[in-house]
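# Results of the structural survey
Here are the chains, one letter per residue:
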Amino acid sequence: MHSSPTAHFDHLVTAGAPEPGTRLRLADGTFLLVQAPPGANAAEVFLYSGLTAPDTDAWTSDDPWELLLTGGDPGDGMIYHDVPVSAVRELILQHGGEHPDQDVTPTRPSLKRHEEWAPDLAATISDLRGRLAGDFSEYDVQEVFGHIEDKGGPVLACLWEYIDQDGFGGTTQFLHEDPDGGFFQLSTDFTGWLSGEKATPGPVESWLGEPADAFEPAATDHAHNYALDDRTAGAVLLAALAEYNIKTMTGDAGLSFAIPLNNTPLHEMFNERHLLVASHGPSIDHAPEDHTGWIVQIHNALGHPVGHPIHAAGDGTALIDCTTDSAAAAATIAALRAAAPAAN
């Protein structure tokens with residue numbers, strides 16, 4: 001008995017594909033990334049370079065700023081919000097269905113990948129030697145790897161051990177994020193040059209190595225940094241909201257989570273009433289053990305608060321249990337959304 005040509009996608013739609021999403025390999029070698037709650041009728045879809053969306057109303061692409069605010073690969077490609085499941089399934093079928101080897105380790109990137117880079121790349125980035133030595137931060141990674149990409153070089157990534165209230169931390173690994181999908185090791189000459197231990201990065205054709213061990217990032221800044229573990233209070237709240245299949249977008253420059261009141265697409269919710277979840281402290285990324293309470297407030301299209309908060313725990317000084325408060329906030333939000341009229 002033959003399996004369905006969209007069996008993996010159908011499973012993801014049923015079981016859910018939470019952030020940062022699940023990559024699907026199609027029969028013709030192209031890739032897409034799917035993010036959706038369990039039982040969704042629509043999904044967020046990132047189309048990697050080489051895969052083009054059909055010219056229909058079902059596929060409306062985001063601008064670059066929207067890409068940074070949501071999940072997906074920050075390399076070459078485009079993200080699409082709220083694509084009907086039927087439209088995604090049709091695209092998969094147009095490309096021959098799903099590849100039978102979904103779990104296979106990605107092959108080494110093309111040995112000629114460097115030919116796609118700027119011909120004078122090594123010379124134009126020579127001043128970066130040693131810029132990622134010792135106690136560097138995620139901001140150093142953004143600057144250095146962003147400069148390399150701007151000069152026509154590869155998309156690079158730093159995989160951190162964790163992210164917490166102080167940012168990315170722990171052990172690190174530098175990787176190449178290939179535009180055709182997958183992460184790959186970098187040569188010791190190149191990484192040693194970044195840390196200042198090597199005088200030169202070696203020939204550009206030697207920079208890319210073998211496939212990296214598979215990993216599932218818990219968080220990313222969508223600007224070259226990934227973390228294996230999210231240790232923030234915000235992660236506790238997101239887990240509680242996921243129990244109700246509630247999706248969020250980061251609002252207020254990362255100080256809150258924004259949530260639609262109904263089935264309005266995430267990127268359109270700011271045109272009408274919506275919810276903002278903030279903490280008594282300065283950020284949603286505080287440590288769970290430092291939690292003093294979530295505040296959930298309705299805001300109008302102008303960004304002004306409407307009425308009193310629908311959930312307000314703690315007094316902003318006394319510590320309270322983050323898991324308990326997150327569960328209570330999520331339940332309140334779910335109840336309000338269940339009672340709200342659907343968007344047209």
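The shown structure was predicted, so the numbers you read here are calculated from the model rather than taken from an experiment.

Reading the values: rules and limits
Counting starts from 1 at the beginning of each chain's written sequence and moves along it residue by residue. Residues qualify for local features only when their pLDDT is at least 70, as the model is predicted, and side-chain atom pairs are given and counted only at 80 or more; totals for whole chains, interfaces and linings, by contrast, use all residues. To obtain the side-chain values, all non-hydrogen atoms of the structure were used and water was disregarded. Only strands joined by at least two bridges in the DSSP assignment are considered to pair. Elements are defined by DSSP. Helices are runs of H or I of four residues or more, strands are runs of E of two residues or more, and each kind is numbered from the N terminus. For helices, the fitted line uses only the C-alpha atoms of the stretch in contact; every axis is such a line through C-alpha atoms, and the angle between N-to-C directions lies from 0 to 180 degrees. Roughly parallel here means an angle under 35 degrees, roughly antiparallel means over 145, roughly perpendicular means 65 to 115, and every remaining angle is called oblique. In this scheme the crossing of two helices becomes right-handed for a clockwise turn of the near helix relative to the far one and left-handed for an anticlockwise turn of less than a right angle. We call two residues contacting when some pair of their heavy atoms lies within 4.5 Å. Under the scheme applied here, ten amino acids are nonpolar (Ala, Val, Leu, Ile, Met, Phe, Trp, Tyr, Cys and Pro), four are charged (Asp, Glu, Lys and Arg), and all others, including Gly, are polar. Burial status follows relative accessibility: with a 1.4 Å probe on protein chains alone, a residue under 20% of its type maximum counts as buried, one over 50% as exposed, and anything between as partly exposed. The arc in question is formed by the directions pointing from the helix axis toward the C-beta atoms. For this analysis, a nonpolar core means a set of buried residues of the types Ala, Val, Leu, Ile, Met, Phe, Trp, Tyr and Cys, connected via side-chain atoms within 4.5 Å. The term salt bridge refers to a pairing of a side-chain nitrogen on Lys or Arg with a carboxyl oxygen on Asp or Glu at a separation within 4 Å. The criterion for an aromatic pair is that two Phe, Tyr or Trp rings (for Trp, the six-membered ring) have centres within 6.5 Å, with stacked assigned to planes under 30 degrees apart, edge-to-face to planes over 60 apart and tilted to the rest. Whether a charge sits over a ring comes down to the Lys NZ or Arg CZ being within 6 Å of the ring centre and within 35 degrees of the ring normal.

## Overview of the pairing of strand 15 (residues 305-312)
Where strand 14 (residues 294-299) lies against strand 15, four bridges are found, and the strand directions are antiparallel. Of the residues in strand 15, the one forming a bridge with His-299 is Pro-305. Counted between consecutive antiparallel strands, the loop separating strand 14 from strand 15 contains five residues, among which Gly-303 sits at a positive phi close to 90°.

## Concerning the packing of helix 7 (residues 233-242) against helix 8 (residues 322-339)
Contact geometry of helix 7 with helix 8 gives a least axis separation of 8 Å together with a crossing angle of 40°. As summarised for this structure, helix 7 and helix 8 are arranged oblique, according to the angle between their axes. Crossing of helix 7 against helix 8: the hand is right-handed. Counted together, Ala-233, Val-236, Leu-237, Ala-240 and Leu-241 of helix 7 and Cys-322, Thr-323, Ser-326, Ala-327, Ala-329, Ala-330 and Ile-333 of helix 8 form the full contact between these two elements. Tallied by class, the residues present in the contact of helix 7 with helix 8 amount to 10 nonpolar, two polar and no charged.

## Notes on helix 1 (residues 7-15)
By the burial criterion, the buried members of helix 1 are Phe-9, Leu-12 and Val-13. Seen along its axis, helix 1 keeps its buried residues to an arc of 100°; they face one direction. In helix 1, the exposed positions angled more than 90 degrees off the buried face are occupied by His-11 and Thr-14. A positive phi of about 100° marks Gly-16, the residue just after helix 1.

## Here we look at the nonpolar core
In this structure, Leu-132, Phe-145, Ile-148, Phe-174, Phe-190 and Leu-194 are the most contacted members of the largest nonpolar core, which totals 24 residues. Mapped onto this core, the elements with two or more residues apiece are helix 5 (138-150), strand 5 (156-164), strand 6 (167-177) and helix 6 (188-195). Apart from the residues within four sequence positions on either side, Phe-174 is in contact with Leu-132, Phe-136, Phe-145, Ala-157, Cys-158, Leu-186, Thr-191 and Leu-194. Within the second largest apolar cluster, 23 residues are counted, among which are Leu-26, Ala-40, Val-83 and Ile-92.

## Section: the sheet that holds strand 5
Here we have six strands laid out as an open sheet, ordered 8-7-6-5-10-9, and mixed in their pairing. The two strands at the open ends of the sheet, each matched to only one other strand, are strand 8 (208-211) and strand 9 (219-220). The sheet contact formed by strand 5 and strand 6 spans eight bridges and is antiparallel. Directly across from Cys-158, in strand 6, lies its bridge partner Phe-174. Sheet strands in contact with helix 5 are strand 5, strand 6 and strand 10 (225-227), and its direction is about 165° off that of strand 5.

## Things to note about the pattern of salt bridges
Enumeration over the complete set of coordinates arrives at six salt bridges. Note that Arg-131 and Glu-143 form a salt bridge whose closest N and O atoms lie 3.0 Å from each other. Highlighted residues: Arg-131 in the loop between helix 4 (121-124) and helix 5 and Glu-143 in helix 5, separated in sequence by 12 residues. By relative accessible area, which is 34% here, Arg-131 ends up partly exposed. With a shortest N-O distance of 3.8 Å, Lys-198 and Asp-189 are connected by a salt bridge.

## Looking at helix 7
For helix 7, the complete set of buried residues consists of Ala-233, Gly-234, Ala-235, Leu-237, Ala-240 and Leu-241. Where the residues of helix 7 are buried, they touch strand 12 (256-260), strand 13 (274-279), strand 14 and helix 8.

## Let's talk about the packing of aromatic side chains
Enumeration over the complete set of coordinates arrives at 12 aromatic pairs. When the centroid spacing of 5.6 Å and the interplanar angle of 40° are considered together, the rings of Phe-136 and Phe-174 count as tilted. One end of the pair, Phe-136, is in the loop between helix 4 and helix 5; the other, Phe-174, is in strand 6, and 38 residues separate them in sequence. Summarising the burial analysis for this pair, Phe-136 and Phe-174 share the class buried. Taken together, the aromatic side chains of Phe-136, Phe-145, Trp-160, Phe-168 and Phe-174 make up a single cluster linked through ring pairs. Lying across the ring of Tyr-162, Arg-231 places its NZ or CZ 3.9 Å from the centre.

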